[in-house]
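Analysis of the macromolecular model
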Amino acid sequence: MLRFLSDVPVFLPTDSRIAGYTILNTDEVVPPKYDPEWEISDNLHFSMGTTYLTYGFGGVAERAYANMEGKDDEAKQTLLSVAHVYEGVVAYIKRHIEEIDARIKTASPEELENLAPMRSNLYELAEGAPKTFGAAVQAFYLAWKLRGTLNTATIGRLDQYLYPFYRNDIDSGRLTEDEALDIVCDLWKRFNASGSGDTLMTLTVGGQDKDGRDEANDLSVLMVKASCIVHQPEPHLHVRYHNNTRKDFMDQVARLHVLGGGQGSIYNDEVIIPSMVEAGIPLQYACNYATDGCTELIIDRKSRIRFTNVDSVKCLEYALFNGNPPPLPGPAVTKYWTHRTAAKEWQSSLVPPCESGDISEATDFKEVYDAYCRQFKYQITRKTKRLIGADRYFKERCVTPSFLNGSYDECLESGLDSFRGGLPVDCLMMFSGSLTTVADSLAALKHVVFEKKHYTMREVLDALAANYEGYEAMRRELAAAPKFGNDDDSVDMIAADLAQIFIDTTKEVGDEENTRIWPALLGYLFVQEAHFTGATPDGRRWKEPIAEHFSATPGKAVNGPTALIDSAAKAPLAKAYGTAPVHVTLPRTLVPRNEEGEELMKRLVRVAVKKGFLMLNIGIYDVDAMRKAQKNPEQYADLIVRVWGYSARFIDLSEDMQEHVITRVGTQG
Amino acid sequence: MRGTLFNIQRFCLHDGPGIRTTVFLKGCPLRCKWCHNPAGLSPNIQIQFLEDKCVGCAKCASTCDCHSLAGTEHILNRADCRKCFECVESCPSGALTVCGEVMTAEELFSVIMADKDFYEDDGGVTFSGGEPLLQADFVREVAELVRKEGYTVTVDTCGEVPWEAFETVLPVTDLFLYDIKAICPEIHKNATGVSNGRILENLHRLDACGKDIWARIPVIPTVNATAEEMTKIAELLESLSNIKRVTLIPYHSLGHHQYKALGYVYRFDTSLSVSDGQIAEFTEIFTERGFYVK
Ligand code: SF4
Ligand code: SF4
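Residue indices begin from 1 for each chain and proceed along its sequence in written order. Ligands are numbered from 1 and chains lettered from A, in the order in which they are written. Local features in this predicted model are restricted to residues whose pLDDT is 70 or higher, and side-chain atom pairs enter the listing and the counts only when it is 80 or higher, whereas totals over whole chains, interfaces and linings include all residues. Side-chain measures were taken over the full set of non-hydrogen atoms in the model, leaving aside hydrogen atoms and water.

Thoughts on the overall build of chain B
Only DSSP runs of H or I covering at least 4 residues are called helices, and only runs of E covering at least 2 are called strands; the numbering of each starts at the N terminus. For chain B, the count of helices and strands is 11 helices and 12 strands. In terms of overall dimensions, chain B has C-alpha extents of about 60 × 45 × 30 Å along its principal axes. Within chain B, the fraction of its 294 residues that count as buried is 56%. Contacts are assigned to residue pairs with any non-hydrogen atoms lying within 4.5 Å of each other. Long-range contacts, defined as pairs at least 24 residues apart, comprise 72% of the intrachain contacts of chain B with a sequence gap of at least 6. One finds the centroid of the 28 positive side-chain charges in chain B at a distance of 3 Å from the centroid of its 40 negative side-chain charges. Whether a residue is buried, partly exposed or exposed follows from its accessible area with a 1.4 Å probe, protein chains only, as a fraction of its type maximum: under 20%, in between, or over 50%, in that order. Counted charges follow a simple rule, with Lys and Arg positive, Asp and Glu negative, and His plus the chain ends left uncounted. Every charge is mapped onto a representative atom, which is NZ of Lys, CZ of Arg, CG of Asp or CD of Glu.

Dropping the structure here:
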């Protein structure tokens, strides 16, 4: 890292006051090679510590030296590396100052407007701990970039750890609110310049402390405001909500919601914190949760995270065919999340299936359901054990980059690596999303095969193996069976039960191994899973979408958002404290970008929270979705648009009306 | 008591204040040529056939003689239908469905209550249709239950019912959405099949009761989409004291394929439309008289 630091070029942007590179040209800088004995590991999915804000970069080095006294050899080594690296950072900062000084001589007045404050901030950091808000932001940005080096990482509770600096500046009259807002917007733009999309740039705002006091502060409000103003994909703003959340903060969040784009996902403190505490996480840490790079939860600056996934829909295929599924109709080739990456072939990360029972002659739904549960539990158990094994491996074999280690108060004091006792909370997480699609499939079998007796299991299995080719009537009948998301107990309760099984099984395995496993009803590879899983009994053909997280299968929730919220609320969402995201999508035509729309957003949040949701994401459909709906109407049956005095499903509209609505939305947007 | 309805839509945001559940009741005394909701016309339960869902499997034909298949084309003889709906049961694709449902007041009430958490202070139920006041006793019974829980009741009416029907629901209704199509009796008769004497009389009587009213005006080309007719409507509304809002609803041919599904023929000209400019012009007619138009 030290060698690396001396190679990282100085970068002074011309359109910002925050120094530090955005994207490193990897040809210019060769990342350091480490001692091959140890593997350096940082998955970037958890937030970095902030010792550098307390002591300054140089101060961290000093403390590291001081804390070496009386420690064992490993701790001494760890602290020494921390000291060296943080000294390197100070040198790196000084190089920036030199460069500014060289530039200032010839700078135009406009350039000076950025360079002067940049210099004073950097100077503060070269001398010691940041005192001003501007310097603290600069320190954060430098540290955050150096941690990720070639990638971006989780941000954590930025509104909390920058707040003292903000308050101080405002109280002393050094800074106005508008100036602070400019600084935050500037930072937001720098985030976006670092890339967008699956960047792990999640930032958690708001929340409560262990005494139930609201921690949303003026800076939290300002950050949400900045997101409204900058209106770009980064950072992914996540909002902690609780019953005492200050009103002006939630008002601002509602303003962010009506912009669409799904920003401002709500996390419900009221269920998350008690659930974590019940799982044995001490209250003071539970209150300090934040999102990791995605939607999973971590303890901000107090935990790492390691996770793995159980592909629940693939499990269903295994169960239906007794562990021996027919070949896919073709290769499971798709892209990750962006068109920028190349397509590749994907496969499930499940362990080889067990024989969960031959159900081809089943005459009772229970046989099918039990077979699924056997396969599902088998996979959960095996994968949880693997996760625990991987974690042990990492703890024995890996070290944390010194720069990261030194950022944590605990590591800096104890000299322990963040892998080995340095951080107070362990976070091992098991995911399983798309359980709702499994529930749709099981409910369809129950309804069509075992209640109506229109087909036998054998016939359905044949149809699945043929990807429904030659079985269109059957496919439609299965597709017309009850689906999750419409407030129909016959399917919602299956989804709820599967969620409970997942939560219980991860806990049982964890208990056996003396390890806390965080359960999460989430799956981020749902597009891939739809490709490596053949046709399913919900009438879905190979490659057609499966549900995302604990949301409805796309296009299947046709009774509006309130019914969807009621469906999801039947599951033990609160117990899945790793995270349990539910997406609600609304048409832009229903959500005007004004106070009326904001009021609606606030209501949805209030109700979802009251009903025990752990996480809620509100997306607002736009023209783009409607264009897709025209091509694939089956998948967009839940797209509701305002037509004239009432609303209707988009796909029910005539072509001309569709065009009309699109045009109308287009002009609004 | 039982009522006949054809749709219950949750999360409605435009049929009164707040978040509402809108209940569409069957049966209507008017025959507006442009009607977008033909399922509301007949008071009876009907069989509905959605052509594009049919897979031509002929299961219905083997259930009942009313169905036959010419090649893969499905033919339904509605005249002989006894409404046993066995064919619907037999149809695997969802092409055959029942339009309409009979429910008790308690059943309907429990569906409405499913969204009670969303209603908060201002939301509740809206009775629409069809013409909900053709089933005024039923509406009243359900409305009473809803009001008892503290939620609001809105009635969306065309006005073409005996005044007694209004009296039945008045004590349990917070807001009326009152459709006004035309002031000129000939225009009204021509477009809807009935004259507007009773409709306007009921509107005046309702206004005198002091209940809030939102006027809903469909803007229909070749019928009332003229400054002259809109001005007449505006002048009428001016003479009333409880019009809290005016909504202009521009014509669109939406729903005309539903006519076919129910065995009706759509007779309005689908090529007609109302321009944004016209709507702006008509809006002005109302706003300049101090109405809140939305
Ligand atoms: S409802 Fe009964 S009588 Fe009518 S078409 Fe269907 S099966 Fe025949
Ligand atoms: S049963 Fe249904 S799908 Fe089959 S021919 Fe009749 S209407 Fe069509």
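Now, onward.
Let's talk about the site of ligand 1
Near, as used in this document, describes a residue that has one of its heavy atoms within 4 Å of the molecule or strand being considered. What surrounds ligand 1 is the set B:Ile47, B:Cys64, B:Cys66, B:His67, B:Cys81, B:Arg82, B:Lys83, B:Cys84, B:Phe85, B:Glu86 and B:Cys87. Charged residues are taken to be Asp, Glu, Lys and Arg, nonpolar residues to be Ala, Val, Leu, Ile, Met, Phe, Trp, Tyr, Cys and Pro, and polar residues to be all remaining types, Gly included. When its residues are assigned to classes, the shell around ligand 1 shows 7 nonpolar, 1 polar and 3 charged.

So, the sheet that holds strand S13 (residues 581-587) of chain A
Residues and elements named next belong to chain A. We treat two strands as partners when DSSP finds at least two bridges between them. Sheet architecture is open: 5 strands sit in the order S2-S3-S4-S14-S13, paired in mixed fashion. Only two strands of the sheet have a single neighbouring strand rather than two, namely strand S2 (202-206) and S13. Direction aside, the axes of adjacent strands within the sheet are offset by 25° on average. Where strand S3 (residues 236-241) meets strand S4 (residues 265-268), 4 bridges bridge the pair, whose relative direction is parallel. Residue His238 lies in a different strand from S4, and its bridge partner there is Ser265. The sheet strands contacting helix H9 (residues 218-230) are S2 and S3, and the helix crosses S2 at an angle near 135°. Only the stretch in contact is used when fitting a helix axis, every axis being a line fitted to C-alpha atoms; angles between N-to-C directions are given from 0 to 180 degrees. Running over the sheet, helix H24 (residues 595-610) touches S3, S4, S13 and strand S14 (615-621) and is turned about 150° from S14.

Some remarks on the state of the cysteines
Disulfide: a pair of cysteine sulfur atoms within 2.5 Å of each other. In the structure shown here, the tally under the stated rule is 0 disulfides over all chains. A:Cys373 takes part in no disulfide bond, and the closest cysteine sulfur to it belongs to A:Cys315, at a distance of 10 Å.

A few points about the pattern of salt bridges
All names here are of chain A. By definition, a salt bridge exists where a carboxyl oxygen of Asp or Glu is found within 4 Å of a side-chain nitrogen of Lys or Arg. If you walk through the whole model with that rule in mind, you get 63 salt bridges over all chains. For the salt bridge of Glu215 with Arg157, the shortest nitrogen-to-oxygen distance reads 2.7 Å. One end of the pair, Glu215, is in the loop between S2 and H9; the other, Arg157, is in the loop between helix H5 (133-148) and helix H6 (158-161), with 58 residues separating them in the sequence. According to the relative accessible area criterion, Glu215 is partly exposed, its value standing at 21%. Of the residues examined, Arg157 reaches a relative accessible area of 2% and is grouped as buried. Taking the shortest distance from any N to any O, the salt bridge between Arg541 and Glu544 comes out at 2.6 Å.

Re the site of ligand 2
Taken together, 13 residues sit near ligand 2, with B:Cys54, B:Cys57, B:Ala58, B:Cys60 and B:Cys91 positioned nearest. Grouping the constituent residues of the shell around ligand 2 by class yields 9 nonpolar, 3 polar and 1 charged.

What about the interface of chain A and chain B?
The partner chain B presents 33 residues to the 33 residues of chain A that form the contact. Buried surface at the junction of chain A and chain B, summed over both partners, amounts to about 3,100 Å²; 59% is from carbon and sulfur atoms. Counting across the chain A and chain B interface gives 8 salt bridges. Of the charged contacts in the structure, one is a salt bridge between B:Asp117 and A:Lys610, with a shortest N-O distance of 3.4 Å. Counting residues per element, the ones that place at least two in the side of chain A that touches chain B are helix H20 (472-480), helix H23 (560-569), H24 and helix H26 (655-668) of chain A. Looking at the side of chain A that touches chain B, the element that brings in the most residues is H24(A), giving 7 residues. Accessible-area loss on putting two parts together, using a 1.4 Å probe and summing over both, is the definition of buried area adopted here.

A closer look at the side chain of A:Gln160
Residue and element names in this part refer to chain A. Assignment of secondary structure puts Gln160 in helix H6. Its relative accessible area of 17% is what places Gln160 among the buried residues. In protein, a polar contact means a hydrogen-donor-capable atom and an acceptor-capable atom, both N or O and within 3.5 Å, with residues adjacent in sequence counting only if both atoms are side-chain atoms; elsewhere, any N or O pair within 3.5 Å suffices. A polar atom in the side chain of Gln160 sits 3.1 Å from the side chain of Asp159. Looking at Gln160, its side chain comes within polar contact range of the main-chain oxygen of Glu215, at 2.9 Å. Aside from chain neighbours lying at most four places away, what touches Gln160 is Gly206, Glu215, Asn217 and Ser220.

Considerations on the domain arrangement of chain B
Residue and element names in this part refer to chain B. These domain boundaries are the output of an automatic or database domain assignment. Entries for chain B in the domain assignment read domain 1 (2-43 + 104-287) and domain 2 (46-99). Every contact between the two is made by 10 residues of domain 1 and, on the other side, 8 residues of domain 2. For the pair domain 1 and domain 2, the summed buried area comes to about 660 Å², and 46% of that belongs to carbon and sulfur atoms. The largest contributions to the domain 1 side of the interface with domain 2 come from Lys26, Ala261 and Leu262, which together make up 62% of the buried area. Counting across the interface, domain 1 meets domain 2 through 1 salt bridge. Notably, a salt bridge pairs Glu51 with Lys260, separated by 3.1 Å at the nearest N-O pair. Joining domain 1 to domain 2, the criterion identifies 7 residue pairs in polar contact (both at pLDDT 80 or more). Ranked by residues supplied to the side of domain 1 that touches domain 2, first place goes to helix H10 (residues 256-261) with 3 residues. Split by residue class, the side of domain 1 that touches domain 2 holds 5 nonpolar, 3 polar and 2 charged.

Some points on the sheet that holds strand S1 (residues 2-12) of chain B
Residues and elements named next belong to chain B. Overall, mixed pairing links the 8 strands, which are arranged S7-S1-S2-S8-S9-S10-S11-S12 in an open sheet. Edge positions in the sheet fall to strand S7 (101-104) and strand S12 (243-250), since each has one partner strand and no second. For this sheet the average axis-to-axis angle between neighbouring strands, irrespective of direction, equals 30°. Examined bridge by bridge, S1 and S7 share 4 bridges and lie antiparallel to one another. In the sheet register, Thr4 faces S7, and the bridge partner there is Val102.

Focus on the pairing of S2(A)
Regular strands have side chains that alternate between both faces of the sheet. Residue and element names in this part refer to chain A. Within S2, 5 of the 5 residues are buried, leaving the element largely enclosed by the surrounding structure. Judged from the 5 bridges that link them, S2 and S3 form a sheet pairing that is parallel. Of the residues in S3, the one forming a bridge with Leu203 is Leu237. We call a crossover right-handed when, viewed with both strands directed away from the observer, the connection leading from the first strand over the helix to the second proceeds clockwise. Viewed along the sheet, the connection from S2 through H9 into S3 turns out right-handed.

Quick notes on helix H4 (residues 109-127) of chain A
Each residue after the first adds 1.5 Å to the expected span of a helix. Compared with an ideal rise of 1.5 Å per residue, which puts 19 residues at 27 Å, H4(A) spans 27 Å between its outermost C-alpha atoms and is within 8% of the ideal. Among the structural elements, helix H3 (73-104) and H5 of chain A are those in contact with the buried residues of H4(A).

What about the domain arrangement of chain A?
Taken domain by domain, chain A consists of domain 1 (1-21 + 43-144) and domain 2 (308-394 + 430-586 + 650-668). Its C-alpha centre places domain 1 of chain A at a distance of 47 Å from the equivalent point of domain 2 of chain A.

Quick look at a negative patch on the surface
Distance thresholds for patches are 9 Å for like charges and 5 Å for nonpolar side chains (Val, Leu, Ile, Met, Phe, Trp, Tyr), applied to residues having over 30% relative accessible area and no salt bridge. For the accessible areas, the method is Shrake-Rupley and the probe is 1.4 Å, while residue cover comes only from the protein chains on display. Taken together, A:Glu177, A:Asp178, A:Glu179 and A:Asp182 make up a surface patch of like negative charges. Structurally, A:Glu177 is set in helix H8 (residues 177-193).

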